Amino acid sequence: MVERYRVQLDLFGLMKLLALVGFGVGVIAGLALLIYTVMNGGNIIQALLPMIISPFSNALVTALFGLVSYPFYNWYCNRNRGQVLTGRFLKEQEANQDI
């Protein structure tokens, strides 16, 4: 069942969410760079380091974007009574019981 909630993340919640998204983008970008390098006759060893570093550097950069953009995010959420999120939600107490 998909539910809709109005939420406002705190600073560290926003930074963690953006870091997770940045890490995922870094995995895809690193893999694409590796494939591109190999297809163009490049050395696979030279492409491995950026592939390994890319997820972590993207996670750091997007978390920093969250830090910089938090004042705007906070203003937006205060003005619109939060941000509408949809999906599956589980209270933390219930999640601990499921483990």
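Relevant structure appears above.
My aim in this report is to walk through the structure given alongside it, one point at a time. (Residues numbered from 1 in each chain as written. Predicted model: local features only at pLDDT ≥ 70, side-chain atom pairs only at ≥ 80, totals over all residues. Heavy atoms only, no water.)

1. Quick notes on the packing of helix H1 (residues 11–39) against helix H2 (residues 44–79)
Any two packed helices are characterised by how steeply their axes cross, that is the angle between the axes, and by the distance between the axes. Put simply, the rule reads: Between N-to-C directions, angles span 0 to 180 degrees; the directions come from axes that are lines fitted to C-alpha atoms, helices contributing only their stretch in contact. Per the convention used, a helix needs a DSSP run of H or I reaching at least four residues, while a strand needs a run of E reaching at least two, with both numbered from the N terminus. For classification purposes, angles smaller than 35 degrees are called roughly parallel, those larger than 145 roughly antiparallel, those between 65 and 115 roughly perpendicular, and all remaining angles oblique. In this scheme the handedness of a crossing depends on how the near helix is turned from the far one: anticlockwise by less than a right angle means left-handed, clockwise means right-handed. Polar here means any residue outside two lists: the nonpolar Ala, Val, Leu, Ile, Met, Phe, Trp, Tyr, Cys and Pro, and the charged Asp, Glu, Lys and Arg; Gly therefore counts as polar.
Taken N-terminus to C-terminus, the directions of H1 and H2 make an angle of 155°; their axes are 6 Å apart at the nearest point. Considered as vectors, H1 and H2 are oriented roughly antiparallel to each other. For the pair H1 and H2, the crossing hand works out as right-handed. Partitioning the contact of H1 with H2 into residue classes produces 25 nonpolar, eight polar and no charged.

2. A few points about the packing of aromatic side chains
Where we set the bar: We call Phe, Tyr and Trp rings a pair once their centres come within 6.5 Å, taking the six-membered ring for Trp, and we label the pair stacked below 30 degrees between planes, edge-to-face above 60, and tilted otherwise. Each residue is assigned to one of three classes by its accessible area relative to the maximum for its type, calculated with a 1.4 Å probe on protein chains only: buried under 20%, partly exposed between the two thresholds, exposed over 50%.
In the structure shown here, the tally under the stated rule is five aromatic pairs. Ring geometry for Tyr5 and Phe89: centres 4.9 Å apart, planes at 75°, overall edge-to-face. Here Tyr5, found in strand S1 (residues 3–7), pairs with Phe89, found in the loop between strand S2 (83–87) and helix H3 (92–98); they are 84 residues apart in sequence, far enough to count as distant. Among the residues examined, Tyr5 registers a relative accessible area of 40% and is labelled partly exposed. When its relative accessible area of 38% is taken as the criterion, Phe89 is described as partly exposed. A centroid spacing of 5.4 Å and a plane angle of 70° characterise the contact between Phe23 and Phe56, whose relative ring orientation is edge-to-face. Of this pair, Phe23 sits in helix H1 while Phe56 is found in helix H2, placing the two residues 33 residues apart along the sequence. Assessed through its relative accessible area of 33%, Phe23 is described here as partly exposed. Among the residues examined, Phe56 registers a relative accessible area of 56% and is labelled exposed.

3. What about the side chain of Ser54?
As a reminder, the rule being used: A contact between two residues is defined here by any heavy atoms of the two lying within 4.5 Å.
The topology assignment puts Ser54 in helix H2. Beyond its immediate sequence surroundings of up to four residues, Ser54 is in contact with Gly26, Ala29 and Gly30.

4. Describing unusual backbone geometry
Its identity is not glycine, yet Arg81 carries a phi of approximately 55°, on the positive side. With respect to the secondary-structure elements, Arg81 resides in the loop between H2 and S2.

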